[in-house]
Amino acid sequence: MRKLMMIVCAFAGLAIYATVAISAEDLAAAVKERRDLMKKTVAPSAKLGGQMVKGVEPFDADKAAKAMNDISGVPDKYVTLFPKGTEHGAIKDSEATPKVWEDFDNFKAIAMKLKDASAKAAGAAAQGKGTFTAAFNDMTKVCKECHETYREKLEQ
Amino acid sequence: MPRAGWWALVVIGIAGAIGFFLLTIPKTIPASALPAHTPDLANGEYMFTAGGCAECHAVPLSKCKDTKTKDKHVLAGGRCMKTEFGIFNVPNISPDKDTGIGKWSTLDFVNAMKRGIAPGGEHLYPAFPYASYQHMTYADLIDLKAYLDTLPAVKNEVPPHDLTFPYNIRRAVGLWQLLYVDGKTLKPDPKLSAELNRGAYLVEGPGHCGECHSPRNFLGGVMQSEAFAGARNPEGRGRIPNITPSDDGIGDWSADDIAYMLETGNTPDFDVIGGNMAPVQENMAKLKPEDRATIAAFLKALPPRPDAVPKSAKKKKKSDQDSDADQGESGGEDGEGGAQKPDGSE
């Protein structure tokens, strides 16, 4: 019995250690990684799709589908990059509002909506510009739903 | 101090009190100013959307600080806005007779919108953006009142504002009104096209864009010389963008880009807008396309201005490029700025 207790305690200790061991560098790395996902994958893909929708770029079904699939690949990873202590004000470069942690389930649900909406837009590309446009606009509504509550912009 | 000195102080004090009283006498619009006008409910609803009434007055989703609402047509108030002046509890403007504005006449409503004066001569705080709404035409205001009367009456007693001294002296709002409120409808500029005039009206009147996008002086008045050049976020951290056509602002956006953003929420880079602009944009999306185009044209015609509020992000961008190990800035977002930038964050 005592042995069991010791093992439990050891594991508890380990768990506490692991929690504490999220160092400042780890937090900063999480912020950087999630921002890079947005800035280097999501934003350029959204811009590419959007410019086709807007008619700035000619519509290309393959390119559009690829861009949307790239976005769809982000959310699963993205939601793992929000350790506590990385809200706006607590750490450099974070634009995440404290609400992310207050209702993390909803935050995550919106991220999963983005995954679905972008996959749908990718599928819609083959059916022509009109179908793609509708699906793309549905997707950017999801972007806005999240930004409205969970992002507090640092810069323009 | 000699006795004569004391007397002088007393006299000055009394004169000051009388002066304060006289200067802050509520100024209202007489009934004779109201034109005969048959209300147009469709236009009233349009003004309701353009004016964003629901964004503050609709019942918040659950907690008072929620910016999301249950139903945009239930204007029973209850939202709380935490600002540097204290907490504003947004009033009930549903047509409920006891707790809303169901007893207000059209003239009462016009006086609130154009003069910031409630029935009984009570000064309204300019968190209610009547410094913009005052520019609206009587016809639009009469239509809006008629439309508000058709919305559900809901009993909801909202607690009074919880402001710090001296802002809790309601009468003093009268002094502010002397400076910033004259109740005059925005006159079309004959030198400008009908399109630009309509854009100016929508932006400076119902749209009240400058209430957030223009910087304020220490009195809380909009600085016209820097209008639309961006400002501090009145609720929370960060800054509200400069929307003049300058390098700091949106000089690289075409008029179509602006209209498209108002319609879809997508910036030219397809960075989707958020924060308090999200519900505003959703209202703008409901306007007629030609009205969005006039807003875009008006913004493009503004004098280009540098940022009114120093952009901490500039430093940030530089440090990004230097791929930095510079830490001095962490958490420094709201420490920036001088006397005009008291920390309004929670």
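Residues numbered from 1 in each chain as written. Chains lettered and ligands numbered in written order. Predicted model: local features only at pLDDT ≥ 70, side-chain atom pairs only at ≥ 80, totals over all residues.

A.B. asks: Teacher, can you tell me more about the overall build of chain B here?
C.D. replies: When its secondary structure is counted, chain B shows 13 helices and 7 strands. Looking at chain B residue by residue over its 346 residues, the buried ones come to 38%. Residue pairs in contact within chain B that sit at least 24 positions apart in sequence constitute 64% of those at least 6 positions apart. (Helix = DSSP H or I, 4+ residues; strand = E, 2+ residues; numbered from the N terminus. Buried ≥ 20, exposed ≤ 12 C-beta atoms within 10 Å, placed from the backbone. Contact = placed C-beta atoms within 7 Å.)

A.B. asks: Got a minute to help me understand the overall build of chain A in this structure?
C.D. replies: Within chain A, the regular secondary structure consists of 7 helices and 0 strands. The helix and strand sequence of chain A, counted from the amino end, reads α-α-α-α-α-α-α. Considering chain A as a whole, with its 156 residues, one finds that 33% of them fall into the buried category. Taking as baseline every contact in chain A between residues at least 6 positions apart, the subset at least 24 positions apart corresponds to 67%.

A.B. asks: Help me out: how do you make sense of the nonpolar core in this one?
C.D. replies: General note: in soluble globular proteins, nonpolar side chains tend to be found buried as a group. A:Ala121, A:Met139, B:Met113 and B:Ile258 are the most contacted members of the largest nonpolar core, which has 89 residues in total. The dominant element in this core, judged by the number of residues it contributes, is helix α7 (residues 129–150) of chain A, at 8 residues. Mapping this core onto the domain boundaries places at least three of its residues in each of domain 1 (26–180) and domain 2 (194–300) of chain B. The contact partners of B:Met113, leaving out residues within four places of it in the chain, are B:Tyr130, B:Tyr133, B:Gln134, B:Met136 and B:Leu141. (Core = buried A, V, L, I, M, F, W, Y, C linked by C-beta atoms within 7 Å. Domains from an automatic or database assignment.)

A.B. asks: Got a minute to help me understand the sheet that holds strand β1 (residues 80–83) of chain B in this structure?
C.D. replies: Strands belonging to one sheet form pairs held by backbone hydrogen bonds; the direction of such a pair is parallel or antiparallel. All names here are of chain B. The strand order β1-β2-β5 describes an open sheet built from 3 strands, whose pairing is antiparallel. If you trace the sheet from one side to the other, it starts and ends with β1 and β5 (162–163), each paired once. In this structure, strand β2 (residues 86–89) lies alongside β5, joined through 2 bridges in antiparallel fashion. Looking at the pairing, Ile 87 lines up with Asp 162 of β5. (Pairing = 2+ DSSP bridges.)

A.B. asks: Honestly, helix α2 (residues 41–51) of chain B in this entry has me stumped. Any pointers?
C.D. replies: In an α-helix, one turn spans 3.6 residues; hence positions three or four apart end up facing the same way. All names here are of chain B. Those residues of α2 lying buried are Gly 44, Tyr 46, Met 47, Phe 48, Ala 50 and Gly 51. The inward-facing, buried residues of α2 contact α3 (53–57), α5 (130–133), α6 (138–149), α8 (194–204) and α11 (277–286). Once α2 ends, the next one or two residues include Gly 52, with phi positive near 60°.

A.B. asks: Where do I start with the environment of B:Ile169 in this structure?
C.D. replies: If you trace the backbone, B:Ile169 turns up in the loop between β5 and α7 (173–180). Distance from B:Ile169 to B:His123, taken between C-alpha atoms, is 10.0 Å for residues 46 residues apart in sequence.

A.B. asks: What am I meant to see in the confidence of the model for chain B here?
C.D. replies: Should the pLDDT be low somewhere, the predicted coordinates at that spot are not to be read in detail. Residues and elements named next belong to chain B. Put simply, chain B has an average pLDDT of 89, and 89% of its residues get 70 or more. Under a pLDDT of 50 for its full length, residues 313–346 has, in the predicted model, 35 contacts with residues more than four places off or in other chains. Taken together, the chains of this predicted complex give a pTM of 0.84 and an interface ipTM of 0.77. (pLDDT = per-residue confidence, 0-100.)

A.B. asks: Would you take a moment to explain helix α4 (residues 106–115) of chain B for this structure?
C.D. replies: All names here are of chain B. With 7 of 10 residues buried, α4 lies mostly within the body of the structure. Of the residues making up α4, those classed as buried are Phe 109, Val 110, Asn 111, Ala 112, Met 113, Lys 114 and Arg 115. Buried-residue contacts for α4 involve β3 (117–118), α5 and α6. Within two residues after α4, Gly 116 carries a phi angle of roughly 70°, on the positive side.

A.B. asks: Sorry, what's going on with unusual backbone geometry here?
C.D. replies: Trans peptide bonds make up most of the peptide bonds, and negative phi angles are found at most residues other than glycine. All names here are of chain B. Along the chain, Phe 165 connects to Pro 166 via a cis peptide bond; the corresponding omega equals 5°. If you trace the backbone, Pro 166 turns up in the loop between β5 and α7. Positive phi values are uncommon outside glycine, yet Phe 228 reaches one of about 70°. Looking at the element boundaries, Phe 228 is found in the loop between α9 (210–213) and β6 (231–232). Owing to 30 C-beta atoms within 10 Å, Phe 228 belongs among the buried residues under this scheme. Look at Phe 270: it is not a glycine, yet its phi comes out positive at around 60°. Structurally, Phe 270 is set in the loop between α10 (255–264) and α11. Since 23 C-beta atoms lie within 10 Å of it, Phe 270 is described here as buried.

A.B. asks: How should I be thinking about the domain arrangement of chain B in this particular structure?
C.D. replies: All names here are of chain B. With domains assigned, chain B is organised as domain 1 (26–180) and domain 2 (194–300). The centre of domain 1, based on its C-alpha atoms, is set 22 Å off from the matching centre of domain 2. At the junction of the two partners, domain 1 supplies 20 residues and domain 2 supplies 20 residues.

A.B. asks: I would appreciate a short explanation of the packing of α4(B) against α6(B) in the present structure.
C.D. replies: Residue and element names in this part refer to chain B. One can describe the packing of α4 onto α6 by two numbers: an axis separation of 10 Å at closest approach and a directional angle of 120°. When the interaxial angle is binned, α4 and α6 end up oblique. Crossing geometry of α4 relative to α6 is assigned as right-handed. Where α4 approaches α6, its residues Thr 106, Phe 109, Val 110 and Met 113 are matched on the opposing element by Tyr 138, Leu 141, Ile 142 and Lys 145. (Axes fitted to C-alpha atoms, helices over the stretch in contact; angles between N-to-C directions. Parallel < 35°, antiparallel > 145°, perpendicular 65-115°, else oblique. Left-handed = near helix turned anticlockwise from the far one by under 90°.)

A.B. asks: Any chance you could explain the packing of α2(B) against α6(B) here in plain terms?
C.D. replies: Any two packed helices are characterised by how steeply their axes cross, that is the angle between the axes, and by the distance between the axes. Residue and element names in this part refer to chain B. At a minimum axis separation of 7 Å, α2 and α6 run at an interaxial angle of 90°. Relative to α6, the element α2 lies roughly perpendicular. On the side of α2, the interface is formed by Leu 41, Asn 43, Gly 44, Glu 45, Met 47 and Phe 48, while α6 contributes Asp 140, Asp 143, Leu 144, Ala 146 and Tyr 147.

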